Structures are given as C-alpha cells and as structure tokens.
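Understanding the architecture of this molecule
Read off the chains here:
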Amino acid sequence: MTSKASQATEASQPTKATTPPLWLLAELTYQCPLHCPYCSNPVNMEETFNELSTSQWKKVFREAREMGAVQLGFSGGEPLLRKDLEELVAYARELGFYTNLITSGIGMTEKRIAKLKDAGLDHIQLSFQSANADVNDLIGNKRHSFKQKLNIAKLVKAYNYPMVLNFCITAQNIREIEEVMTLSTELKADFVELATVQYYGWAYENREHLLPTQSQLVEAEQAINRYRDQQSGGPKFMFVTPDYYENRPKACMNGWGTTFLTVTPDGSALPCHSAKILPLTFPNVKDSSVQNIWEHDFSFNHFRGDDWMPSPCKTCDEKDKDFGGCRCQAFLLTGDMHKTDPVCDKSPDHHLMKTITDKAGQQASSTLKFRTVKNNIPVKMIQDLTV
C-alpha cells in the first residue's frame, strides 16, 4: 500500500503523460431517483453533499478543453437533478465539446429536452433496467419508472437524437434478453448496449445476486447472435460480458491516465470512475488545475507506463494490450492494487476467479442491498417475475 505521507512528498512529479485526456466524464451529482443494486457510484456517498458549483464545473470544462479533451459525458447519479444542466451543456458546446447525457430519463420532460436541444446537447444515452415493466421498477426500486422511460425514449426520437439505449444485464434479467432486443427494435433504437454489469461499487457488494452463470452468458450470446442473423436493419446490439470468466483481463480505461478523466461531484479527479476505492490520495479540481493534475499528480502517474508492473506482467508480451488489467479489480480481489489482475490466467491469483464464479447461480449468503433504501425488495420477487 502506498502511504499518504509518501504521496505528499511525491504529489508533483515529472509527467509521464504522453496524451491529453480526450474523454471527460463529469459526474455532476450522486443523487438519483433510482436505487439500482448494481450502481457504480461509491458505496460511501460523502461526495453527494459537497458538489461543485456551476462556475467550478465550467472551469473544469475550460481547462480540459484547452488540453485537448473532445468528448464530455454528463453523468451521475442522475444529471437531470442538476438545475444548471442546460447552462453547463451550453457552455460545453460553446467550448467545442461533443456532449453526451447519460441518464435514467427520470425527471426528463418535453420542456427539458427542448431546452437541452437548444443548448446544443449532441447525444442522449437512456438506461433501462429490464424489458418487463414490473422487473424494471423493482430493480430500480421506483414505481412507474418503466412507463416514464418509454415516454422519454419517444421524446429522444421526436427531437432527432440518436436512439442509444443501455440495458444493464445481471442474473436478475438475463433470461429476458430476447424481450430486451424486441423492445429496442420497437423503440427504433440505433445502438443498444447489452452491458453485463462490472463488479465495482454497489455491484461488488451484491455480486452473489448479480453474477450470471457461464451457461447463462453463453445462452444470452447465442440468443443475441440469432436475433442479429434475422435482422434486416434496426438496432446495432453490443454485448458486453464480465471478464470474470475470461483468461485475459480488460484493457481498463485504455491504460491508466492515457485517455479518460473522471471528475466526481465533490471535485475529485480520477483516472477512472472507480479509482477512489484504491489506497491512493487523489487530487481535487478545487485545489489544482486539470493540467497540473493530469501531468504531475502522483496518483495519475503511479500506474502510467510499465515501471510499476510486477511479474508476470513486467515481461509479458501482452502488457501493451491489457496494461496489467484493472487496478481496482486487482485491489478488490487480492487486496493489493499492484498485483496482476486475477482474471489473467498468468496471475498467481487466477484461482480466485473460479472460487467466485462457482458461486454464481447459488443461494446468496446475504440480502440484496439497494442504494439508500431502508426497505429492501427480496431478490426472489424479481426472479419470480422473470420466470
């Protein structure tokens, strides 16, 4: 573990950055009307109560754009809960960003989408929890949310946005993958991400409930391929699987501190949206410029390049493909953020993956945890609705 004392002396270093941050993710707020058990937001939600102001966000956008950032995602939580969203979108457009709103749709109205269109918003990604209304509402723990999402999907088309849908796939809804594709086609979607959740944040806490079995993933992929073969136009489906069943890890964030920059509601700057779980002290945009953070901060330089890599990564001929895998996943599964991602079958910890995946489909040892909800909905209610 890297001590905070050692970081204090190394906080400003000669840069190892070779590229600017091209993709900026602005997590405007962690507040959300939904309470999904796979939410990627931190389990510790202290940032919720110390959000950046409008002027502070504008400073972040300006500094990132000056460095060469070209794409800006407005995320959360639910970014629609920020009353200054339209102002921020307009400012980002003025700077020349391509802007993307990542939303549950809850809180969107025709008046609001019209204002966002006028502000210059380029793209809306709308999430669904299920193709079944009851299951959708149970997973998000909000009544009538499915109906609201359908209405928002129609508004997205009416205002000539690309129809981009995201379905988070878990053991709770993977059996309805064909219904998901049918709904996407009915909604005239252009692109549909069928994204098996990644196990960070609340999803990590609820992994025993959420992780599909390997056979479920195989059956889902077969169903997707059958649907694709029968298509003559319509949505482009992208199936994103968890790497828990793979022998090589994902190339997390295209390499640490090379492409992506996340700024959290309280101003913490991160190389990826999950990085705050690591035993590193991350900088804050309230205290330093984006350029200084990106180029010189200890936390951003720490896993750049391959100097940090242990064996077997150090001498591996694939290290430039996967960059040693995910640092957050290595930390969550082994307790050491410097270790090779256990997904890799060259890792001495690869056996941990089988220990985890063998439990998929079995009775969970704990109750399903919903974000900030006192009365949990039994997972069996969700499963019963999908049978």
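Right above here is the structure, for reference.
Once a new chain begins, its residue numbering starts again from 1 and follows that chain's sequence as written. Residue-level local features of this predicted model are given only where pLDDT is at least 70; pairs of side-chain atoms are given and counted only at 80 or more, and the full residue set underlies all totals for whole chains, interfaces and linings. Heavy atoms from the whole structure form the basis of all side-chain values; hydrogens and water molecules are not counted.

**With respect to the overall build of the protein chain**
Strands here mean DSSP runs of E at least two residues long; helices mean DSSP runs of H or I at least four residues long; both are numbered from the N terminus. Scanning the protein chain from N- to C-terminus turns up 16 helices and 9 strands. Taking 2.2 N^0.38 as the reference for a compact globule, 387 residues should give roughly 21 Å; the C-alpha atoms of the protein chain span a radius of gyration of 21 Å, in line with that estimate. Projecting the C-alpha coordinates of the protein chain onto the three principal axes gives extents of approximately 55 × 50 × 45 Å. When each of the 387 residues of the protein chain is scored for burial, the buried share is 55%. In the protein chain, the share of contacts with a sequence separation of at least 24, taken over all contacts with a separation of at least 6, comes to 73%. Total accessible area computed for the protein chain in this model is approximately 17100 Å², and 51% of it derives from carbon and sulfur atoms. Both definitions apply: the radius of gyration is a C-alpha atom measure, and the globule rule equals 2.2 Å times residues to the power 0.38. Only protein chains enter the accessibility calculation, which uses a 1.4 Å probe. A residue is then buried if its area is under 20% of the maximum for its type, exposed if over 50%, and partly exposed in between. Contact criterion: two residues are considered in contact whenever any of their non-hydrogen atoms come within 4.5 Å of each other. Here the accessible surface of atoms and residues is derived via Shrake-Rupley with a 1.4 Å probe, and residues count as covered only by protein chains that are part of the display.

**Quick look at the packing of aromatic side chains**
Aromatic rings from Phe, Tyr and Trp, taking only the six-membered ring of Trp, are treated as a pair when their centres fall within 6.5 Å; an angle between ring planes under 30 degrees marks them as stacked, one over 60 as edge-to-face, and anything in between as tilted. Per the stated rule, a full pass over the model turns up 10 aromatic pairs. Centroid distance phenylalanine 128 to phenylalanine 146: 5.9 Å. Interplanar angle 70°. Geometry classified as edge-to-face. In this pair, phenylalanine 128 sits in strand β4 (residues 123-128) while phenylalanine 146 sits in helix α6 (residues 145-158), placing the two residues 18 residues apart along the sequence. Pairing tryptophan 294 with phenylalanine 300 gives two aromatic rings, centres 5.8 Å apart and planes at 55°, and the pair type is tilted. Taken as a pair, tryptophan 294 and phenylalanine 300 share a single burial class, namely buried. Connected via pairs of aromatic rings, a cluster forms that spans Trp57, Phe61 and Phe74. Only lysine NZ and arginine CZ atoms are considered, and such an atom sits over a ring when it is within 6 Å of the ring centre and within 35 degrees of the ring normal. It is arginine 304 that lies over the ring of tryptophan 294; its NZ or CZ is 5.0 Å from the centre. Looking at arginine 327, its charged tip hangs above the ring of phenylalanine 303, at a distance of 5.8 Å from the centre.

**A word on the pattern of salt bridges**
Salt-bridge detection follows one rule: a side-chain nitrogen of Lys or Arg within 4 Å of a carboxyl oxygen of Asp or Glu. Enumeration over the complete set of coordinates arrives at 17 salt bridges. Glutamate 86 is paired through a salt bridge with arginine 112; the nearest N and O atoms lie 2.3 Å apart. Residue glutamate 86 is located in helix α3 (residues 85-95), and its partner arginine 112 is located in helix α4 (residues 110-119); the two are separated by 26 residues in the primary sequence. For glutamate 86, a relative accessible area of 14% puts it in the buried group. Using a relative accessible area of 15% as the deciding quantity, one classes arginine 112 as buried. A salt bridge links aspartate 122 to arginine 93; its shortest N-O distance comes to 3.4 Å. Note that aspartate 122 is positioned in the loop between α4 and β4 and arginine 93 in helix α3, a separation of 29 residues in sequence. What you see here is one network of salt bridges that share partners, running through Arg248, Glu318, Asp345 and Lys346.

**Comments concerning unusual backbone geometry**
The amide bond that connects glycine 76 to the next residue, glycine 77, takes the cis arrangement and shows omega of 10°. Inspection of the secondary structure puts glycine 77 in the loop between β2 (71-75) and α3. Backbone geometry at histidine 144 places phi at a positive 65°, although glycine is not the residue there. Within the secondary structure, histidine 144 sits in the loop between α5 (133-140) and α6. A positive phi is found at asparagine 160, a non-glycine position, where the angle reads about 60°. Taking relative accessible area as the criterion, asparagine 160 reaches 67% and is therefore assigned exposed.

**Some points on the side chain of serine 130**
Relative to the helices and strands, serine 130 is located in the loop between β4 and α5. A relative accessible area of 1% places serine 130 in the buried class. A 3.5 Å cut-off defines polar contacts: any pair of N or O atoms within that distance qualifies, except that in protein one atom must be a possible hydrogen donor and the other a possible acceptor, and neighbouring residues in sequence count only when both atoms are side-chain atoms. A distance of 2.9 Å separates a polar atom in the side chain of serine 130 from the backbone nitrogen of asparagine 132.

**Considering the packing of helix α2 (residues 54-67) against α3**
Note on geometry: axes are lines fitted to C-alpha atoms, helical ones only across the stretch in contact, with angles between N-to-C directions running from 0 to 180 degrees. In contact at an axis separation of 10 Å, α2 and α3 are set at 20° when each is read in the N-to-C sense. With respect to their mutual orientation, α2 and α3 come out roughly parallel. Between α2 and α3 the crossing geometry is right-handed. When α2 is examined against α3, the residues Thr54, Trp57, Lys58, Phe61, Arg62 and Arg65 are found in contact with a partner set consisting of Glu87, Leu88, Tyr91, Ala92 and Leu95. Residue polarity is assigned by list, with Asp, Glu, Lys and Arg as charged and Ala, Val, Leu, Ile, Met, Phe, Trp, Tyr, Cys and Pro as nonpolar; anything else, Gly included, falls into the polar class. Split into classes, the residues belonging to the contact of α2 with α3 amount to 6 nonpolar, 1 polar and 4 charged. Any angle that is under 35 degrees is reported as roughly parallel, and any over 145 degrees as roughly antiparallel; angles of 65 to 115 degrees are reported as roughly perpendicular and all others as oblique. Take the far helix as your reference; a near helix turned counterclockwise from it by less than a right angle gives a left-handed crossing, and one turned clockwise gives a right-handed crossing.

**Some remarks on the pairing of β4**
Within β4, 6 of the 6 residues are buried, which leaves it mostly tucked inside the rest of the structure. Burial along β4 is two-sided: the face carrying His123, Gln125 and Ser127 and the face carrying Ile124, Leu126 and Phe128 are both buried. Should DSSP find at least two bridges between two strands, the strands are regarded as paired. Of the pairings in the sheet, the one linking strand β3 (residues 98-103) to β4 comprises 4 bridges and is parallel in character. By the bridge assignment for β4, asparagine 100 is matched with histidine 123. With strands facing away from the observer, any crossover in which the path from the first strand over the helix to the second runs clockwise is taken as right-handed. In the classification by handedness, the crossover that spans β3, the intervening α4 and the parallel β4 is right-handed. In terms of strand pairing, β4 meets strand β5 (residues 163-169) through 5 bridges, oriented parallel. Across the sheet, the residue bridging to phenylalanine 128 is phenylalanine 167, located in β5.

**Remarks on α5**
With 6 of 8 residues buried, α5 lies mostly within the body of the structure. Among the residues making up α5, those that are buried are Val135, Asn136, Asp137, Leu138, Ile139 and Gly140. Two or three places before aspartate 134, at the opening of α5, asparagine 132 has a side-chain oxygen 2.9 Å from that residue's backbone nitrogen. Phi for asparagine 141, located one or two positions after α5, is positive at around 55°.

Read these as geometric descriptors, not functional statements.
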